[in-house]
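Listed below are the residues making up each chain.
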Amino acid sequence: MNKLLLMCLNFFKTGLLAVGGGLATVPFLKEIAEKHPDWYTVEDLTNMIAVGESTPGPIGINIATYAGFQTAGVIGGILATLFMVAPSFIVIMIIYKAWQKFKDNDKVQATFLGLRPAGIGLILSVCYTVFVSAVIPGGTFNPYLLLMFLVFFAALQIPKIKDIHPIFYILLAAAIGIIFKL
Amino acid sequence: MLPLMEAEAVDRNSWVTKEEMLDIYTLSQCTPGVIAVNTATFIGRKTKGFFGALFATLGVITPSLIIISLIAAFFTSFADNPYVVHAFAGIRVAVAALMACVVLKFIKSGIKAPAQVGILIAAFITVAFLKISPVIIILVSGLFGFFALRGKEAEVDE
């Protein structure tokens, strides 16, 4: 199948099944990376999350644009993003008139009681992948990177510090990476 | 993102009321896809019908398209630069820590029934270690919720 068409279908599927916001798209984008490593790799995806977190705009859109760009350039970025938002657009156009009923429908609520924790579990699985690639880069465990993870994670639990914009942590981590040649 | 949208749609332009905004936000979380985009689609649909929804959606994704295309083009040409490689080795650690915090926050706000803890753990193990497709996990857990969790929300609220 034509690569662009296949990519559009994959991003449409991502938009349809991602439940729970921007990061919920990442497990599906990771599956794409595993199936089509010539488009972008799982490691590329980690970089995309970093860029998506540090730029304005919804993180899910930022990551989709980046993944599409890696796959097929500027056109790839535009098409990936459009096809990822298309399912939500279609769903909203369909349910709009009945939205009050939809929101209070107990079958819909029950479905989401099941979907929400699954979405969190999927994000946790990506978090685990990112953690492994961060602390065991290229298959060699680096205790300093684990220490760095623990310090960052601990800092993010402290009330006033955790509300600082993610770009601060990402720039700080980039500086540490360059200074210590990680 | 959301406080900014509320400032535009409620305070500055009076497209929707504050109560409608809350409803739209709840509904956006119950629709697939990126929540901020769904919110924009709803506000556009409510204000100016189909074309309102279309242009609100295109509007909210356009800045990302431009900014990310520029950044991606830049990084693609510098991907092998040693400084960029070292920087990203550090950045990956920060991303792992930031994501772990997001997961914790989601667990605190989204997990209310014991069955949900089971779904979360099962989804994590099957995808991370058994390499099951996330598509299957979403379909199965949605069906499970539909058939087995009806009325559980009410119990949780009590």
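Residues numbered from 1 in each chain as written. Chains lettered and ligands numbered in written order. Predicted model: local features only at pLDDT ≥ 70, side-chain atom pairs only at ≥ 80, totals over all residues. Heavy atoms only, no water.

### Observations regarding the packing of aromatic side chains
Piece 1. If you walk through the whole model with that rule in mind, you get 14 aromatic pairs over all chains.
Piece 2. Ring geometry for A:Phe89 and B:Phe50: centres 5.7 Å apart, planes at 75 degrees, overall edge-to-face. Remark: B:Phe50 occurs in helix H3 (residues 35–78) and A:Phe89 occurs in helix H4 (residues 59–95); the pair is interchain, linking two chains.
Piece 3. Given a relative accessible area of 12%, A:Phe89 falls into the buried group.
Piece 4. The exposure class of B:Phe50 is partly exposed, given its relative accessible area of 43%.
Piece 5. Summarising the aromatic geometry, the rings of A:Phe131 and A:Phe149 are spaced 4.8 Å apart at their centres and angled 70 degrees between planes, so their arrangement reads as edge-to-face. Residue A:Phe131 is located in helix H6 (residues 106–135), and its partner A:Phe149 is located in helix H7 (residues 143–155); the two are separated by 18 residues in the primary sequence. (Phe/Tyr/Trp six-rings, centres within 6.5 Å; stacked < 30°, edge-to-face > 60°. Helix = DSSP H or I, 4+ residues; strand = E, 2+ residues; numbered from the N terminus. Buried < 20%, exposed > 50% of the residue type's maximum accessible area, 1.4 Å probe, protein only.)

### Focus on the nonpolar core
Piece 1. If you look at the biggest cluster of nonpolar residues, it comprises 102 residues, and the most contacted ones within it are A:Phe11, A:Leu23, A:Tyr40, A:Ile49, A:Ile63, B:Phe42 and B:Met99.
Piece 2. In terms of residue count, helix H4 (residues 82–110) of chain B provides more of this core than any other element does, 15 residues in total.
Piece 3. In this structure, B:Phe42 is in contact with A:Ile92, A:Ile95, A:Tyr96, A:Trp99, B:Ile24, B:Leu27, B:Ser28 and B:Thr31, ignoring residues within four places of it in sequence. (Core = buried A, V, L, I, M, F, W, Y, C linked by side-chain atoms within 4.5 Å. Contact = heavy atoms within 4.5 Å.)

### What about the confidence of the model for chain B?
Piece 1. The predicted model of chain B averages 88 in pLDDT, with 96% of residues at 70 or higher.
Piece 2. Both scores are given for the predicted complex: the pTM is 0.86, the ipTM 0.86. (pLDDT = per-residue confidence, 0-100.)

### What to know about the interface of chain B and chain A
Piece 1. Contact residues are listed per partner, giving 81 residues for chain B and 91 residues for chain A.
Piece 2. Carbon and sulfur atoms supply 80% of the area buried between chain B and chain A, which totals about 8000 Å² over both sides.
Piece 3. The largest per-residue losses of area from chain B upon contact with chain A belong to B:Arg92, B:Met99 and B:Ile138, which jointly make up 9% of the total buried on that side.
Piece 4. On inspection of chain B and its partner chain A, the count reaches zero salt bridges.
Piece 5. In this structure, the connection of chain B to chain A is made through seven residue pairs in polar contact (both at pLDDT 80 or more).
Piece 6. Those elements that provide at least two residues to the side of chain B that touches chain A are helix H2 (18–29), H3, H4, helix H5 (114–128), helix H6 (134–148) and helix H7 (152–157) of chain B.
Piece 7. With 25 residues, the top contributor of residues to the side of chain B that touches chain A is H3(B). (Buried area = accessible area lost by both parts, 1.4 Å probe. Salt bridge = Lys/Arg side-chain N within 4 Å of Asp/Glu carboxyl O. Polar contact = N/O pair within 3.5 Å; in protein donor to acceptor, adjacent residues only side chain to side chain.)

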